[in-house]
Amino acid sequence: MTRSIYRISGADRLSFLQGLITNDIAKLDQGLVYAAILTPQGKYLADFFLVPEKEAVLLDVDVSIAAGLAQRLNMYKLRADVAIEETGLQVTRGTGDMPKGAFADPRHDAMGWRSYGKSSGDDGTDFDAIRVAHCIPETGVELTPDTYILEAGFERLNGVDFRKGCYVGQEVTARMKHKTELRKGLARVGVSGEAPVGTEIAANGKAAGTLFTQSGAHGIAYLRFDRATESMIAGGATVSYPISIAE
């Protein structure tokens, strides 16, 4: 697991973040906050955890998008009293007993805890298996610049708040929320056989989605629900839908 940890400080840090992120910064009082920053068109730019720290907020983000996110935050801050600096902190995570000073992962109880310090690693948990069981997307795999966060399950994963004030991309997200139902989105599927991450799924000869993370006999797929069928093809694998998401 490769993460970058930034420290956001300054008198305006909370109001600055509140105007940008999909979640409510006030939830830092309860622990970690999972959130995203979107484009004005409502598409995904980055997802991350915000970590409460005295007189500051830590931002825990995948290293592959860290530099771009830091650049965007610096662009948005203008004259706000906000400083953004990279730290030398690392992330440790696990699913056993939570160490002192660790925080529960807010996306799902099964994702365990995260702690921040000088070392990194995990306790050997198969986190991909947990993600597949609960349809939890990963940065750079299921979450891409084409992603709309509601299609990726952010409401179910406690990553968006519809009662907070405005943020970049909020209008598009709110409109999607009030649709009768989503026509596309991530779903847990059955998988028999093998196919690389990113393999197109076909149903009745038509494109029906994309297969992503797989674990055992299941996987996470992005589907067009109007085309998804009980038996679909993805490369050398057979993909079945629907199946239930583990609670």
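Everything below is about the structure printed above this text.
This text gives an overview of the structure that appears in the document. This is a predicted model, so every value here is computed, not measured.

### A word on the side chain of Asp 47
Within the secondary structure, Asp 47 sits in strand β3 (residues 44–53). Arg 107 provides the closest opposite charge to the buried, salt-bridge-free Asp 47, at an N-O distance of 5.5 Å. Side-chain polar atoms of Asp 47 contact the side chain of Tyr 44, separated by 2.6 Å. With sequence-adjacent residues up to four places away left out, Asp 47 is seen in contact with Tyr 34, Ala 35, Ala 36, Val 61, Ile 65, Thr 139, Leu 143 and Phe 154.

### Focus on the environment of Val 61
Its location among the elements puts Val 61 in strand β4 (residues 56–62). Along the backbone, Val 61 and Asp 47 are 14 residues apart, and their C-alpha atoms lie at a distance of 6.9 Å. For Val 61, the residues in contact, after removing those within four places along its chain, are Arg 3, Ser 4, Tyr 6, Asp 47, Phe 48, Ala 66 and Leu 69.

### Thoughts on helix α2 (residues 63–77)
Three- or four-residue spacings in an α-helix give side chains the same orientation, since the helix completes a turn every 3.6 residues. When the terminal C-alpha atoms of α2 are compared, their 21 Å separation across 15 residues agrees well with the 21 Å that a helix rising 1.5 Å per residue should span. Those residues of α2 lying buried are Ala 66, Leu 69, Ala 70 and Leu 73.

### What to know about the pairing of strand β1 (residues 3–9)
Within β1, six of the seven residues are buried, leaving the element largely enclosed by the surrounding structure. Taken together, the seven bridges between β1 and β4 define a ladder with antiparallel strand orientation. Among the inter-strand pairings, Ser 4 is bridged to a residue of β4, identified as Val 61.

### With respect to the packing of aromatic side chains
If you walk through the whole model with that rule in mind, you get three aromatic pairs. On the basis of an interplanar angle of 25 degrees and a centroid distance of 5.1 Å, the ring pair of Tyr 34 and Phe 154 is categorised as stacked. Note that Tyr 34 is positioned in strand β2 (residues 33–38) and Phe 154 in the loop between α3 (127–134) and α4 (170–177), a separation of 120 residues in sequence. You can call Tyr 34 buried: its relative accessible area is 1%. The exposure class assigned to Phe 154 is buried, which follows from its relative accessible area of 0%. Relative to Tyr 241, the ring of Phe 225 has its centre 6.1 Å away and its plane inclined at 25 degrees; by these criteria the two rings are stacked. With Phe 225 in the loop between β13 (218–224) and β14 (232–234) and Tyr 241 in the segment after β15 (237–240), the pair connects residues that are 16 residues apart, well separated along the chain. One aromatic cluster is present, formed by Tyr 34, Phe 49 and Phe 154 through successive ring pairs. Its guanidinium or amino end placed over the ring of Phe 127, Arg 93 lies 3.9 Å from that ring's centre, counting from NZ or CZ. Here the guanidinium or amino end of Arg 107 rests over the ring plane of Tyr 34, the centre of that ring lying 5.5 Å away.

### As for the sheet that holds β4
On the basis of which strands lie adjacent, the open sheet formed by five strands has the order β2-β3-β4-β1-β5 and antiparallel pairing. Edge positions in the open sheet fall to β2 and β5 (83–86), since each of these has one partner strand only. Ignoring strand direction, the axes of neighbouring strands in this sheet form an average angle of 30 degrees. Each of β1, β2, β3, β4 and β5 is contacted by α2, which is oriented at about 140 degrees to β4, the strand it contacts most.

### Details of the environment of Arg 224
Mapped onto the secondary structure, Arg 224 falls in strand β13. Assessed through its relative accessible area of 28%, Arg 224 is described here as partly exposed. As a C-alpha pair, Arg 224 and His 178 span 46 residues in sequence and 19 Å in three-dimensional space. In this structure, Arg 224 is in contact with Arg 183, Lys 184, Ala 207 and Ala 208, ignoring residues within four places of it in sequence.

### As for the sheet that holds strand β9 (residues 121–122)
The strand order across the open sheet built from four strands is β7-β8-β6-β9, with neighbouring strands paired in mixed fashion. Looking along the sheet, the strands with just one partner apiece sit at the ends: β7 (103–104) and β9.

Criteria and cut-off values
- Residues numbered from 1 in each chain as written.
- Predicted model: local features only at pLDDT ≥ 70, side-chain atom pairs only at ≥ 80, totals over all residues.
- Heavy atoms only, no water.
- Helix = DSSP H or I, 4+ residues; strand = E, 2+ residues; numbered from the N terminus.
- Buried < 20%, exposed > 50% of the residue type's maximum accessible area, 1.4 Å probe, protein only.
- Lys, Arg positive; Asp, Glu negative; His and termini not counted.
- Salt bridge = Lys/Arg side-chain N within 4 Å of Asp/Glu carboxyl O.
- Polar contact = N/O pair within 3.5 Å; in protein donor to acceptor, adjacent residues only side chain to side chain.
- Contact = heavy atoms within 4.5 Å.
- Expected span 1.5 Å × (residues − 1).
- Pairing = 2+ DSSP bridges.
- Phe/Tyr/Trp six-rings, centres within 6.5 Å; stacked < 30°, edge-to-face > 60°.
- Lys NZ or Arg CZ within 6 Å of the ring centre and 35° of its normal.
- Axes fitted to C-alpha atoms, helices over the stretch in contact; angles between N-to-C directions.

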